[in-house]
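A look at the structure
Listed below, chain by chain, are the residues.
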Amino acid sequence: MNCPVCGKEMEPGCVQTYQWAAWVKKPHALTLMLKDGEILLDKKYVRPCSFPGWICRDCKKIVLDYSGKPGQEG
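None of the values given here were measured: they were computed from a predicted structure. (Residues numbered from 1 in each chain as written. Predicted model: local features only at pLDDT ≥ 70, side-chain atom pairs only at ≥ 80, totals over all residues. Heavy atoms only, no water.)

1. Let's talk about the pairing of strand 2 (residues 39–56)
Pairing of strand 1 (residues 11–23) with strand 2 involves twelve bridges; the strand directions are antiparallel. Opposite Pro-12, over in strand 2, you have Trp-54 as the bridge partner. Hairpin remark: strand 2 followed by strand 3 (residues 61–64), antiparallel, with four residues in the connecting loop; positive phi at Lys-60, about 65°. (Pairing = 2+ DSSP bridges. Helix = DSSP H or I, 4+ residues; strand = E, 2+ residues; numbered from the N terminus.)

The structure is reproduced here in structure tokens:
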């Protein structure tokens, strides 16, 4: 995949986080009740969450894929 910012080749990999992850507008303590416009990306209680993606080491951007995650809400 090419970087959408600089156009150089990106390296595949994944990002991991513990238990659950959410897209938020501003950093805050995560609770079970998401605020308006926030998206629960994934939730696990025993294992880490993992998101496949690509990293551009030149411009420091990461592209993630959160499709098909069981904790996904919209």
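Past the structure itself, the notes keep going.
2. Brief notes about the sheet that holds strand 3
On the basis of which strands lie adjacent, the open sheet formed by three strands has the order 1-2-3 and antiparallel pairing. The sheet is open, and its two borders are formed by strand 1 and strand 3, each paired with just one other strand. Ignoring which end each strand starts from, the neighbouring axes of this sheet average 45° apart. (Axes fitted to C-alpha atoms, helices over the stretch in contact; angles between N-to-C directions.)

No statement about biological role is implied by the geometric values presented.
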